[in-house]
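# Observations on chain architecture
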Amino acid sequence: NSPCWNQSFTFSKLLLTDVEMETWELKIDCYDYNAFFANKFIGGFSIGLATLHRNSNHEFYNVWVSLLNSETGSNPQGYLLINCFIVGSEDLPPTHSKNEKAGLEEDAESSDEEFLDQILTPAQKKERKAKQAQIKVVGAPMLAQKSYQLSVNIYKAESLEGDPSVFVSVRSLGLVERTSVVQNSNNPVWNTKISFPAYKPILNDRITIRLWDYKPRARDKLLGTLPEVPSDHDFFSINSLLSKGGVMPCRWINLYGQDPQEDTFWNSIKKATGSRKKTYFGTKYLGRVLVSMAVSPNEDPETGVSRAAPYREPLSKLCSLRVVLFELKNAKNCGDTITLRVSIGPHYVYSKKSRKKEVEDKDTGELSEYFQWGSAYSGEMLSEIKEPFPLDPSQIPDVNLEIISEGTFGEKKVGYKRVSAVELIGNERARWLPFKSFETHSDIGKYCPGILLACISLGVEGSMSKKVERSKPRKAERFLCYNVYSGLDMAPLVKDSEVFLRLKIYCGSSVITMDDEKASCSSKNRNPIWNWTGCKKLQLHEDVKFENNLRVEVENRFAFIGLKKYWKDIGEFSVPLESCETKWKQPHFFHVMNAAQEGMSHGRVLAEFYISKVPVENQSNPLNRNFETHTCSVEVALIGLRDLIPKYEKPQLTLKIPGYTMGDSKEEAVINIAPEEFGNLTDKSNPNVLKVKTFEKLELPVEPIYLPSMYLHVKDIAFMSANECFTYIPLISYADWIEDEYSKREALELYNKNFTEKDFHEQKPNSLKPLVAQKKKKGDSFTDYDYSDESDDEESELKRLSTPELSGIFEPKNFKISKRIQFDKVVDDELNEESLMNLKKQELQDEIHSLESESKKIFEKKGEVPEELRNKLKKLSKELEVVEKGKMTVERFLKVDESLEEDYNFNRPVHKNGLLEDSLVLPYDRYLLFRKSKNTEKLSIYRVGEPTGAILKMGIKIKVLANSWDEESSSGFDFFHPAFEGSDVLMKAFDNQQYVSRIYLLRGLSLSAVDNAPDLVAFAAGLAAMSSADTYPEILLGSGGKQDGKYICEQNCPVKQNLNPDYYRFYELRPKFPWDWKLEIRIWDFSEYGFDNLIGSTVIDLEDRYFGDPYISNSIMLKTLKEFCEAKADSTEDPEKREWLLKTKKDTKRKLIELESSSPLSPIEYRPLSHKDKKTSQGMLEMFVEVFDNETAKLVPASKISQPVPEDYELRLIIWNCEGIPKGEREAVDIYFSVQFDPTGWLEEAECKETDTHLGSSDGSGVFNWRMKFNFQIPCTFARLRIVSFDFSTFGDDEVLSEVVLDLSRYFRQVQKLGKLSVDEQLVNLSLPNKPNTDGGSVLISFSILSLAEADQRPVGEGQEEPNRDPELEKPQEGRGITDFLKGTAFDVSKWSFNLGLLKKLILLGSIGSVLVVLFIYPGFLAN
């Protein structure tokens, strides 16, 4: 009853919506296998995907779960130890130390003793030590879990559609119960209570209620699901229910679903083909259900269905719904005549018919279609709906509006809109409501059937205001001021050569169109600077809420066969007019949306709008901004291109800052680099440039939000080649003149802002609030990266002489901003921070005190503190220690038990927080290169195109040219300073140098399974999860394929059936940069009869690792500076300058000597494995990499890594005797013991041995004195010993009487330290196999463990065989005779009471002798 699997399952390629994420669950069932009949269900449990994802690190690690079976009651039918995690496309699988405790490991380590000494009395300590000396028996886990009773009461339903035969099913914690069926009723009554047992930790907290229409001869029809859209904070989550007091009082839950009239055959076809979009939001009200729920602590929870207690319905009052309709604008596909249906619950009302009207714009002649109710200045008030509704607004049904179009073939529903009753309580204002299409369920752009202006008010009758907004205000003269400055990443689906953009502004009934002259600056330019400003006189309502949103359309001009030109919509954005009544602080980026590609941006427009009541001329436009500019030079240090696939035969690189000119010549800001300017074209995939190019005298705006982007384009100009790629680089990150860090951060946030669902309808200008009220102190940083510029006196002197600061040479100026932006809350008042720390400290102390008290009570009751509780106390104690010290460092956060980790970390730091690349301080930046694509999924992430996999390595610096002197205001000494451009040291470092790369591959973690080796039958039967993999690594250096010295494949030595394999392998390769900059490690699954399957791969940039190493980078720079000083000192004639150069050379030489004396160790890192066909990580690799030049590699020896070497040992077990073995209804049993030792956990490798048989035991006792020997290796993965007592049967199968499983892990660890171990006789209790807590007798055993070498020197025999020693075993006589064998059978001579003659006795004895020869000497002969 204590099986072990050590088996993993992987479910891949799960594409889930938010609703599916909340409702889907992972169900695990446990069965008793039967070869001939149906397997018997033992119990099961479920894990909610949303519950799992919300848990820390998206995982449940080493958690014991209870197996439940509704047929056997609420008592757990066993316990299962599981690890489970879920990863999304941007998540990494969780990683754990090799020595983190599993839940099946034994007693607490010495670290627990310190904790227990604080809470135990001396008598309890003595008792604990005595208990620790006992052999540990594997049984039910000690869990600090609480049991709860979950009760779901289903009372009744009302206003259901049709006459269904309804029943309700409730699913929770993997169990399903249902009510009875109420036949043919619109208002069924159940009054049913459904109970579930719940045990913490709750791995699936979702409660799902479904209504079904019972079909006796067909599949039941689903009517609806409660809740409609589940969330983590509603009542239908057990954890959320507990946080709200554990009770959801009796309340109405409204039911929504698809309109039965829409459930037609053709609509089903449309859904199947994708032309009709699926939605989880109902389009019609289908009824309501009265439900209540409660969850409370209960030591003996129940499961089942019973009658509910009497209830009280929620209070209701007579409410009134008032609706005033004004007009429907942007009406598309609505026909000529429409009617509006307004409903709340089962009650509805229709509007009058309205005919289509058209209005023509005076300037453009464009026609706008709309429908109107009432007159131009008043709306139509519909009949008032007066019905009783619950006082709680959340229980009131939504108000549903439907557009019904009248056509030739009858009426057709065109669009719908659901409005929550909560929004309408007390509402007296008109508002615009966008409708959704029944086909696409979208209200964006052309898919929106129209936008309705209506005033909808809901309230209790008698308390509502008599005034309902029925009339529109008069129109008045208003002036729309607009400033459309620029566009970013526009029209990603249009070819570069076809880009020609213009904008249209729709406001009221007017249209403003950009002229061709302004539009021409976007010709072949995705980042145009329009600077389009103007004013337009409009007629708008005095209250602009009666006007539709301001809408801006973006169009692109195309040519048909090069002749006819036409404009096509790219997308649009809208802005609420109410937000335009005040001036904005600054322009805002608006995302351009297209309904056909929902979910991706078609570019961003930087613009601002303002509605003025005062007449404004174009010259006095308040949005005309006088830009303050800096005269700047932009230096671009180009290193090279990497991983150009396919290869570029003749790469041409173009740098462009669109819309800007250089200097007085007014030349366009463009720099071209021809193929001959590349440093090495022998490697056509990784060409170097190694040049510094400069954009001279650019007039750049001072305000960061107006700074442009640099466009970089790479094209292969070879004959018949169409290869090209590009990228955009925002210059905001490099604007060092901006002292206000907040302004730069705000501009970057607005620039990089991703759009949300709200942006589909309207985008309000939203500038960030200042993060701090005061100026930040020196040294503070808004980002995660903090650099300190500490220097000694000599460095300060060098700096005073305008010498480059040696400690800061390698710090890229843009690194703090461009790599990552993180908005952290900054607490200005240190006293406030201290009080928060004290509060946290007090909370931790109170929680620790509470847990210590609970531990003491449990120990007094059960004699042991659950491991879960001990671990929680240790974790809290560590947190308290951190709070008391007041600082959390990365080292302390990642630190684990040193006694466990010292053998596996190899005295190296461990990098667990993200990728190591993110923490490298490189002397350049890396930019992804993109290609044009129509892959909307990629464009929704990257916005500009699809990544090619290639990268550009480049550094940028913007230098402000001072107005009062000719020198540059920034005199910093950069890595790519022009003085270094001809440096041999620097050039050789990047070009054609031999290096040494050492790869240390330690472990694979949480690898994705691709095989199902353990059970092919289950897989053939439809098992969806993979469960195994035989993994091996493959290493490729560079992009040259499988070349000698650059390719390693370990296919011949895979790690069998292990998703967490130990590799501990070392490889040394010799890359040459730039050819071999890329190191790729692939993990494969070995297949003996077919093709191997790729699990995943990871790529490491060795060039980045080399230059990102502080030791290497500073060494290069010091050597370069030394070379520079030597060359200049020999050529200069100025004695003062010569003296300064010589002094700098001397200081540089001294620093080189200091640097060479210290070589930091590369950290152990955890790298995710990716697969091109899968969106999620396929596992992790634990490894570390070193990259050195040849000289350094000679000085730094390779690290020695290896697994703990397995040592051979021998276990000598002696079974002395047994007592109290159950004999059932028999008068006597023939007892023998079988011992199974399985050191690997795989039954195929288990070793089984048996004792001899003690015959005729009438009291369940027996004597054996039997020795058994087992060979094994330490470390041992599965240190379990199973001892089973049997009743020997001559003619049939032996019957199992009792069993026990022993955990020997503690003794195996002691043997590693001591070399050998001996355990004296101990009495071990047995239990019945199907009843773990039932007494099954006891067995007296002893054992010793010694090394195999020592065992060979002093051997012993099995059983009582020679050599019989250590100790000498006496062969027992009891229970071994003929009389003992006959006990309990028909031949039991001891029961014969009559006398026989001598002849009869001889005949009888002869017969008995014959039987004994056949049966006793050859037991089982007849059976065979």
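Quantities reported herein were computed from a predicted structural model and do not represent experimental measurements.

### Some remarks on the overall build of the protein
A tally of helices and strands in the protein yields 26 helices and 61 strands. Entry remark: accessible area of the protein is about 71500 Å², with carbon and sulfur atoms responsible for 49%.

### Describing the sheet that holds strand β13 (residues 284-297)
Strand order in the open sheet made by the five strands is β12-β13-β6-β9-β14, with antiparallel pairing throughout. The two strands at the open ends of the sheet, each matched to only one other strand, are β12 (247-257) and β14 (304-307). Along the sheet, successive strands turn relative to each other by an average axial angle of 30 degrees, direction set aside. Bridging between β12 and β13 involves nine bridges; their strand directions are antiparallel. Of the residues in β13, the one forming a bridge with Tyr256 is Tyr285.

### Things to note about the side chain of Arg502
Within the fold, Arg502 resides in strand β28 (residues 501-507). You can call Arg502 buried: its relative accessible area is 13%. A polar atom in the side chain of Arg502 sits 2.8 Å from the side chain of Glu555. Once residues within four sequence positions are removed from consideration, Arg502 is found in contact with Thr513, Met514, Ala519, Glu553, Val554, Glu555 and Trp567.

### Thoughts on the environment of Leu321
With respect to the element layout, Leu321 can be found in strand β15 (residues 316-329). Through-space distance from the C-alpha of Leu321 to that of Glu384 is 5.8 Å; in sequence the pair is 63 residues apart. Leu321 has contacts with Val342, Ile344, Glu384, Ile385, Val399, Ile456, Ser457 and Leu458, leaving out every residue within four places of it along the chain.

### Overview of the sheet that holds strand β30 (residues 529-541)
If you walk across this open sheet you meet the four strands as β30-β27-β34-β33, and the pairing is antiparallel. Every interior strand has two partners, whereas the edge strands, β30 and β33 (588-591), have only one. Neighbour-to-neighbour, the strand axes of this sheet turn through a mean angle of 35 degrees, independent of strand direction. In terms of strand pairing, strand β27 (residues 475-488) meets β30 through eleven bridges, oriented antiparallel. Within β30, the residue paired with Ser486 across the bridge is Ile529.

### Thoughts on a positive patch on the surface
Together, Lys146, Lys200, Lys872 and Lys875 give the surface a local cluster of positive charge. Note that Lys872 resides in helix α13 (residues 867-885).

### Examining helix α20 (residues 1110-1131)
Between its first and last C-alpha atoms α20 spans 32 Å; for 22 residues at 1.5 Å apiece the expected length is 32 Å, and the two agree. Where α20 is concerned, the buried positions are Tyr1111, Ile1112, Ser1113, Ser1115, Ile1116, Met1117, Leu1118, Thr1120, Leu1121, Phe1124, Cys1125 and Ala1129.

### Some remarks on a nonpolar patch on the surface
Together, Phe9, Phe11, Leu14 and Trp24 line one region of the surface with nonpolar side chains, adding up to about 420 Å² of accessible area. Structurally, Leu14 can be placed in the segment before α1 (18-23).

### Considerations on unusual backbone geometry
The omega angle of the peptide bond from Leu226 to Pro227 is -5 degrees, so this bond is cis rather than trans. Assignment of secondary structure puts Pro227 in the loop between β11 (221-226) and α5 (238-243). Its identity as a non-glycine residue notwithstanding, Asp643 has a phi of 65 degrees, on the positive side. Asp643 gets classed as buried once you look at its relative accessible area, which sits at 11%. Although it is not a glycine, Met720 adopts a positive phi angle of roughly 70 degrees.

### Observations regarding helix α23 (residues 1305-1314)
Looking only at α23, the buried set comprises Ser1305, Arg1306, Tyr1307, Phe1308 and Val1311. Looking one or two residues beyond α23, the residue adopting positive phi is Gly1315, at roughly 95 degrees.

### Looking at the confidence of the model for the protein
On average, residues of the protein score 78 in pLDDT, and 78% of them are at 70 or above. Averaged pLDDT values for the elements of the protein fall to 27 in helix α11 (residues 815-818) and rise to 94 in strand β17 (residues 347-350). Counting interchain partners and residues more than four positions distant, the pLDDT-below-50 stretch residues 755-761 has 17 contacts. For residues 963-982, every residue scores under 50 in pLDDT, and the model assigns this stretch 37 contacts once sequence neighbours within four places are set aside.

### Observations regarding the packing of aromatic side chains
If you walk through the whole model with that rule in mind, you get 32 aromatic pairs. For the ring pair Tyr416 and Phe438, a centre distance of 5.0 Å and an interplane angle of 45 degrees mean the geometry is tilted. With Tyr416 in strand β23 (residues 410-419) and Phe438 in the loop between β25 (436-437) and β26 (451-460), the pair connects residues that are 22 residues apart, well separated along the chain. A centroid spacing of 6.4 Å and a plane angle of 45 degrees characterise the contact between Phe726 and Phe930, whose relative ring orientation is tilted. Here the residue Phe726 occupies a position in strand β40 (residues 724-730), and Phe930 occupies one in strand β42 (residues 925-931), the gap between them amounting to 204 residues. As far as burial versus exposure is concerned, Phe726 and Phe930 are alike and both buried. An aromatic cluster is built from Tyr1209, Phe1237, Phe1270, Phe1272 and Phe1308, whose rings are joined through pairwise contacts.

About the cut-offs
- Residues numbered from 1 in each chain as written.
- Predicted model: local features only at pLDDT ≥ 70, side-chain atom pairs only at ≥ 80, totals over all residues.
- Heavy atoms only, no water.
- Helix = DSSP H or I, 4+ residues; strand = E, 2+ residues; numbered from the N terminus.
- Areas by Shrake-Rupley, 256 points an atom, 1.4 Å probe, with all protein chains shown as cover.
- Pairing = 2+ DSSP bridges.
- Axes fitted to C-alpha atoms, helices over the stretch in contact; angles between N-to-C directions.
- Buried < 20%, exposed > 50% of the residue type's maximum accessible area, 1.4 Å probe, protein only.
- Polar contact = N/O pair within 3.5 Å; in protein donor to acceptor, adjacent residues only side chain to side chain.
- Contact = heavy atoms within 4.5 Å.
- Patch = residues over 30% accessible without salt bridge, like charges linked within 9 Å, V, L, I, M, F, W, Y side chains within 5 Å.
- Salt bridge = Lys/Arg side-chain N within 4 Å of Asp/Glu carboxyl O.
- Lys, Arg positive; Asp, Glu negative; His and termini not counted.
- Charge placed at Lys NZ, Arg CZ, Asp CG, Glu CD.
- Expected span 1.5 Å × (residues − 1).
- pLDDT = per-residue confidence, 0-100.
- Phe/Tyr/Trp six-rings, centres within 6.5 Å; stacked < 30°, edge-to-face > 60°.

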